[in-house]
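Spelled out from the first residue to the last, the chains are:
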Amino acid sequence: MHSELDSLLHASAILRADPRWRAALLRHVQDLDPAAAARLRVDIHPGDRMLLHSPAHHRDAGAALSQYVAIALQQCAAARQAMALLQPRPERAPAVLDFACGYGRLLRFLSLALPPGRIWAADIQADAVAFVAATFGVQGLPSQADPARFMPGRQFDFIWVASLFSHLPEALFRAWMQRLLELLTPGGLLCFSVRDAALLPAGVALPASGILYATHSENADLDPAIYGTAYASEAFVRAVLPDCAALPCRRLPRALAQEQDLYVVARDPRHDLAALDGFRRGPWGWLDRRVLDVDGHLLLQGWAASFDDGAIARIE
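Notes on the structure follow. (Residues numbered from 1 in each chain as written. Predicted model: local features only at pLDDT ≥ 70, side-chain atom pairs only at ≥ 80, totals over all residues. Heavy atoms only, no water.)

### Let's talk about the overall build of the chain
- Each helix and strand counted, the chain has nine helices and 11 strands in total.
- Taken against the 2.2 N^0.38 rule, which gives 20 Å for 316 residues, the C-alpha radius of gyration of the chain at 20 Å falls within 12% of a compact globule.
- With the C-alpha coordinates of the chain rotated into their principal frame, the extents come out at 65 × 50 × 45 Å.
- Expressed as a percentage of its 316 residues, the buried residues of the chain come to 46%.
- Within the chain, residue pairs in contact and separated by at least 24 positions form 64% of the contacts whose partners lie at least 6 positions apart.
- Placing the 30 positive and 33 negative side-chain charges of the chain at their respective mean positions leaves the two points 4 Å apart. (Helix = DSSP H or I, 4+ residues; strand = E, 2+ residues; numbered from the N terminus. Rg over C-alpha atoms; globule rule 2.2 N^0.38 Å. Buried < 20%, exposed > 50% of the residue type's maximum accessible area, 1.4 Å probe, protein only. Contact = heavy atoms within 4.5 Å. Lys, Arg positive; Asp, Glu negative; His and termini not counted. Charge placed at Lys NZ, Arg CZ, Asp CG, Glu CD.)

What follows is the structure, given as structure tokens:
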């Protein structure tokens with residue numbers, strides 16, 4: 001299997017080196033000036049678990065790379081949309097923290113849409129922090145296993161946390177929520193994803209606590225005592241907020257890659273989150289069958305859907 005995975009990763013590297021791949025990516029990132037577009041990097045760290053997981057599953061380099069980038073683009077669109085809806089006219093570019101950034105799946109595109117110098121990236125994996133700082137020009141911050149020891153030395157206008165709380169046991173879920181809210185500016189926003197109880201496997205029930213934690217994940221390099229797989233109810237998430245009665249909080253079901261829920265929490269109790277009524281998840285889909293037959297015909301079969309607009313009549 002390792003030799004097969006190595007071959008798939010090699011094929012993926014060849015695809016990324018093709019100028020047509022770069023051009024295809026740029027067509028999907030909106031509102032970029034030429035200078036920003038020129039900064040696009042297609043490098044992917046060889047230890048990036050988010051990419052390593054896909055070839056092993058799809059056994060197809062193109063499909064794996066497409067899935068990896070599609071999720072990155074959707075994350076970037078969601079983060080930018082939340083900022084635009086709730087902080088529409090900042091006097092200067094917001095100070096943004098991508099917490100638990102991994103090897104920069106989001107940062108590849110977010111660093112084109114915002115000044116890299118106004119983006120900070122934190123992760124518990126030191127090589128990941130070094131990679132994103134060197135590759136995307138953002139400011140790296142080493143994270144810690146203990147939330148109390150995470151001391152970035154500043155506050156942030158917008159903190160994005162994709163697929164971390166969906167991996168935390170209850171005690172760490174509570175502790176990181178408290179710490180990240182403390183790191184917001186007075187008008188700041190925390191946006192994080194949670195795997196809802198609706199995604200539990202058949203026959204598995206959520207305990208009375210409202211959170212279920214299992215000591216397994218796609219990242220075998222991290223301690224399963226602090227990083228596994230978690231499912232949580234909305235009631236649990238809201239109760240975890242330090243001042244749940246006062247802090248504005250909005251849940252956006254299935255808003256992260258049409259799977260995990262996004263929650264947006266404002267530091268200021270007076271911050272109206274009603275603009276999120278206009279949040280759009282965007283279309284989603286996949287090509288399940290990709291076959292080139294002996295006559296040179298390309299056969300494609302798949303699906304497309306939209307939580308925003310209902311049934312889709314046609315795709316291109």
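### Considerations on helix α2 (residues 19–27)
- Of all the positions in α2, only W21, A24 and L25 are classed as buried. Mapping the buried residues of α2 onto a view down its axis gives an arc of 100°, with all of them on the same face. α2 presents P19, R20 and R27 as exposed residues on the side facing more than 90 degrees away from its buried surface. (Arc of directions from axis to C-beta.)

### Re helix α7 (residues 126–136)
- By the burial criterion, the buried members of α7 are A128, V129, F131, V132, T135 and F136. Considered in projection along α7, the buried side chains sweep an arc of 165° and stay on one side of the axis. Along α7, the residues that are exposed and aim more than 90 degrees away from the buried face are A126 and A134.
- Taken together, the buried residues of α7 touch α6 (107–113), β2 (119–123) and β3 (139–142).
- Looking at the residues trailing α7, positive phi occurs at G137, about 75°.

### Considering a nonpolar patch on the surface
- Taken together, L287, L292, L298 and L300 make up a surface patch of nonpolar side chains, about 420 Å² in accessible area.
- Mapped onto the nonpolar patch, the elements with two or more residues apiece are β10 (284–292) and β11 (298–305). (Patch = residues over 30% accessible without salt bridge, like charges linked within 9 Å, V, L, I, M, F, W, Y side chains within 5 Å. Areas by Shrake-Rupley, 256 points an atom, 1.4 Å probe, with all protein chains shown as cover. Salt bridge = Lys/Arg side-chain N within 4 Å of Asp/Glu carboxyl O.)

### What about the side chain of R195?
- Of note, R195 is situated in the loop between β5 (184–194) and β6 (211–214).
- A polar atom in the side chain of R195 sits 2.7 Å from the backbone oxygen of S166.
- Residues within four places of R195 in sequence aside, it is in contact with S166, H167, T229, A230, Y231, A232 and Q260. (Polar contact = N/O pair within 3.5 Å; in protein donor to acceptor, adjacent residues only side chain to side chain.)

### Description of the environment of A232
- Mapped onto the secondary structure, A232 falls in strand β7 (residues 229–232).
- A232 gets classed as buried once you look at its relative accessible area, which sits at 1%.
- With residues up to four places along the chain from it excluded, the contact list for A232 reads V194, R195, D196, A197, G210, I211 and V237.

### Considerations on the packing of aromatic side chains
- Within the structure shown, the criterion is met by nine aromatic pairs.
- Judged by centre distance (6.1 Å) and plane angle (90°), the rings of F131 and F136 are edge-to-face. The two residues F131 and F136 agree in class, both being buried.
- Between F192 and Y263 the ring centres are 5.5 Å apart and the planes differ by 10°, which places this aromatic pair in the stacked class. Of this pair, F192 sits in strand β5 while Y263 sits in strand β9 (residues 260–266), and the two are 71 residues apart along the sequence. Comparing F192 with Y263, the two get one shared label, buried.
- Within the aromatic cluster, the residues linked to one another by ring pairs are F165, F173, F192, F236 and Y263.
- The positively charged end of R154 is found above the aromatic ring belonging to W120, 4.3 Å away from the centroid. (Phe/Tyr/Trp six-rings, centres within 6.5 Å; stacked < 30°, edge-to-face > 60°. Lys NZ or Arg CZ within 6 Å of the ring centre and 35° of its normal.)

### Concerning the pattern of salt bridges
- Per the stated rule, a full pass over the model turns up 13 salt bridges.
- Residue D268 is joined to R270 by a salt bridge in which the shortest nitrogen-to-oxygen separation is 3.1 Å.
- In this structure R270 comes out as exposed when scored by relative accessible area, which is 72%.
- The salt bridge involving D308 is made with R281; its shortest N-O contact spans 3.8 Å. Taken together, the residues span a long stretch of sequence, with D308 in the segment after β11 and R281 in the loop between β9 and β10 at a distance of 27 residues.
- Linked through salt bridges whose partners overlap, the residues forming this network are D196, E234, R238, R251 and D261.

### Details of empty space enclosed by the protein
- What the rule picks out here adds up to one cavity of 30 Å³ or more.
- In this model, the largest cavity occupies a volume close to 30 Å³.
- Around the largest cavity, the lining residues are R16, W21, L25, V42, I44, L65, V69 and R108.
- Listed by contribution, the elements that provide at least two residues to the lining of the largest cavity are α2 and α5 (61–86).
- When grouped by side-chain class, the residues that make up the lining of the largest cavity number six nonpolar, no polar and two charged. (1 Å grid on protein atoms, 1.4 Å probe; cavity = no way out; pocket = protein on both sides within 12 Å on 5 of 7 lines; lining within 4 Å. Points joined across faces, edges and corners; volume = space filled by probe spheres on them. Nonpolar A, V, L, I, M, F, W, Y, C, P; charged D, E, K, R; others polar.)

### A word on the sheet that holds β3
- The seven strands are arranged β3-β2-β1-β4-β5-β9-β8 in an open sheet whose pairing can be described as mixed. Either end of the sheet is taken by a strand with one partner, and the two such strands are β3 and β8 (249–256). Shown here is a sheet whose adjacent strand axes are inclined to one another by a mean of 20°, direction ignored.
- Relative to β9, β5 is paired through six bridges, and the arrangement is antiparallel. Bridging across to β9, S193 finds its partner in L262.
- Along the sheet, α5 makes contact with β1 (96–99), β4 (156–161), β5, β8 and β9, crossing β4 at roughly 150°. (Pairing = 2+ DSSP bridges. Axes fitted to C-alpha atoms, helices over the stretch in contact; angles between N-to-C directions.)

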